[in-house]
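Spelled out, the chains give:
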Amino acid sequence: MSKIISIFNQKGGVGKTTTNVNLCAALALNGKSVLSIDIDPQGNSTSGFGIEKNKLEYTIYDVLVEDYDINRVIHKTEICNLDLVPANIQLAGAEIELTNTKYREKTLDEKIQSILKKYDYIIIDCPPSLGLLSLNALTASNTVLIPIQCEYYSLEGVSQLMDTVKLVRRNLNPNLEIEGVVLNMFDGRTNLSIQVVEEVKKYFRDKVYRTVIPRNIRLAEAPSFGQPIMVYDEKSKGSEAYLKLSEEFIKNN
Ligand code: ADP
Ligand code: MG
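Residues numbered from 1 in each chain as written. Chains lettered and ligands numbered in written order. Predicted model: local features only at pLDDT ≥ 70, side-chain atom pairs only at ≥ 80, totals over all residues.

- Per an unreviewed UniProt entry, the chain carries the name Chromosome partitioning protein and comes from Sedimentibacter acidaminivorans.

Dropping the structure here:
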């Protein structure tokens, strides 16, 4: 059976998409079969994998709103064993269109049942909000992977994030667990980064990955080439870090 993981943090710009693209790629390069589902209308993971989001005939929108079979929307990526269900701006409408549906938070869960034997991991890149799209992702998931940016305000949203996880447990998905917390944009030269790591470890304890993702310009450049970091610059610090993270991730599973 596939394990389903949502990459979630309602804060924008913390590294959800960067982690989705590069962790999925690293897991696939480690021999795992992976499906990445982009459920953010910004479609950044979609373009990050080199797929032209504005030329797509079908996307996750058609699965959620038009009741398409998810198999019709699965794209191959450049990396062997790594598939993608893409998204684009059309998905912004789903938040409203799903509102009147009876099992509106459970739509994604229902739609992925048919592919649960196909992959080792199904990883969902959430939008930076607590809306219906994120709720669909969390309801469909076994675990949540939380990226946290090493900056001053990073812990501010954490209690709200945990409230959402608890709310989902109470009402929609009682078995939802924390997969892990990944610290991103770490800069070892600053006391701030080191302080944030300590604070986050106090809060999440052994859920924090030992691997931290450094601030690395190559990670920021790779999306404009539509490539995961291991393809764009295999030797970069960013690539090394995500490969290490994938090993830690696999060990935990
Ligand atoms: P989110 O999906 O949470 O909104 P992104 O993954 O899109 O966040 O990251 C926000 C921005 O920061 C992007 O431009 C991305 O390229 C950049 N970024 C993310 N992680 C790193 C990193 N470790 N080093 C350098 N730039 C990064
Ligand atoms: Mg994103």
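## Some words on the overall build of the chain
- Along the backbone of the chain there are 11 helices and 7 strands.
- Computed over the C-alpha atoms, the radius of gyration of the chain is 17 Å, within 12% of the 18 Å expected from 2.2 N^0.38 for a compact globule of 253 residues.
- With respect to the three principal axes, the spread of C-alpha positions in the chain is 50 × 40 × 30 Å.
- Of all 253 residues assigned to the chain, the portion counted as buried reaches 46%.
- Excluding contacts between residues fewer than 6 apart, the proportion of contacts in the chain whose partners are at least 24 apart in sequence is 78%. (Helix = DSSP H or I, 4+ residues; strand = E, 2+ residues; numbered from the N terminus. Rg over C-alpha atoms; globule rule 2.2 N^0.38 Å. Buried ≥ 20, exposed ≤ 12 C-beta atoms within 10 Å, placed from the backbone. Contact = placed C-beta atoms within 7 Å.)

## Digging into the UniProt feature "domain: AAA" (unreviewed entry) in the chain
- As recorded in UniProt, the sites labelled "domain: AAA" (unreviewed entry) are residues 2-178.
- End C-alpha atoms of residues 2-178 are separated by 16 Å, and the span's content is 32% helix alongside 17% strand. (UniProt positions renumbered as here; feature names shortened; annotations may be inferred.)

## Topic: the sheet that holds strand β5 (residues 121-125)
- The strand order across the open sheet built from 7 strands is β3-β4-β2-β5-β1-β6-β7, with neighbouring strands paired in mixed fashion. Each edge of the open sheet carries a strand with a single partner, namely β3 (75-76) and β7 (177-184).
- By the bridge criterion, 4 bridges tie strand β2 (residues 34-38) to strand β4 (residues 82-85) in an arrangement that is parallel. Its bridge partner lying in β4, Ser36 is registered against Leu84.
- Seen against the sheet, helix α1 (residues 16-29) touches β1 (3-7), β2, β4, β5, β6 (143-149) and β7 and runs at an angle of roughly 165° to β5. (Pairing = 2+ DSSP bridges. Axes fitted to C-alpha atoms, helices over the stretch in contact; angles between N-to-C directions.)

## Details of unusual backbone geometry
- With phi around 65°, Asp67 is a residue other than glycine that occupies positive phi space.
- Inspection of the secondary structure puts Asp67 in the loop between α3 (60-64) and β3.
- One non-glycine residue, Asn81, lies in the positive phi region at around 70°.
- Mapped onto the fold, Asn81 is located in the loop between β3 and β4.
- Among the residues examined, Asn81 registers 19 C-beta atoms within 10 Å and is labelled partly exposed.

## What about the site of ligand 1?
- The full set close to ligand 1 counts 17 residues, and Gly15, Lys16, Thr17, Thr18 and Ala220 are the nearest of them.
- When contributions to the shell around ligand 1 are tallied by element, the ones reaching two or more residues are α1 and α9 (217-221).
- Considering every element that reaches the shell around ligand 1, the biggest residue donor is α1, with 3 residues.
- Classifying every residue of the shell around ligand 1 by side-chain character gives 7 nonpolar, 8 polar and 2 charged. (Near = placed C-beta within 6 Å. Nonpolar A, V, L, I, M, F, W, Y, C, P; charged D, E, K, R; others polar.)

## Describing helix α11 (residues 237-252)
- Spanning 16 residues, α11 covers 23 Å between terminal C-alpha atoms, matching the ideal 22 Å at 1.5 Å per step.
- The elements touched by buried residues of α11 are α1, β7, α9 and α10 (229-232). (Expected span 1.5 Å × (residues − 1).)

## A look at the packing of α1 against α11
- At a minimum axis separation of 8 Å, α1 and α11 run at an interaxial angle of 65°. In terms of orientation, α1 lies roughly perpendicular with respect to α11. As α1 packs across α11, the resulting crossing turns out to be right-handed. Residues Asn22, Leu23, Ala26 and Leu27 of α1 form the contact with α11, whose participating residues are Tyr242, Leu243, Leu245, Ser246 and Phe249.
- Its residues assigned to classes, the contact of α1 with α11 shows 7 nonpolar, 2 polar and no charged. (Parallel < 35°, antiparallel > 145°, perpendicular 65-115°, else oblique. Left-handed = near helix turned anticlockwise from the far one by under 90°.)

## Some words on the environment of Glu199
- Topologically, Glu199 is positioned in helix α8 (residues 191-204).
- What makes Glu199 partly exposed here is the crowd of 15 C-beta atoms within 10 Å.
- Residues Glu199 and Ser154 lie 45 residues apart in sequence; the distance between their C-alpha atoms is 9.9 Å.

## Concerning the environment of Leu29
- Mapped onto the secondary structure, Leu29 falls in helix α1.
- Overall, the presence of 20 C-beta atoms within 10 Å leaves Leu29 in the buried class.
- Placed 52 residues apart in sequence, Leu29 and Asn81 show a C-alpha to C-alpha distance of 8.1 Å.
- Filtering out sequence-adjacent residues up to four positions away, Leu29 remains in contact with Ile79 and Met230.

## Comments concerning the environment of Ser193
- By the secondary structure assignment, Ser193 is in helix α8.
- Judged by C-beta crowding, with 20 C-beta atoms within 10 Å, Ser193 ranks as buried.
- Each C-alpha atom, one on Ser193 and one on Asn175, is 32 Å from the other, the two residues being 18 residues apart in sequence.
- With sequence-adjacent residues up to four places away left out, Ser193 is seen in contact with Cys150, Phe186, Asp187 and Gly188.

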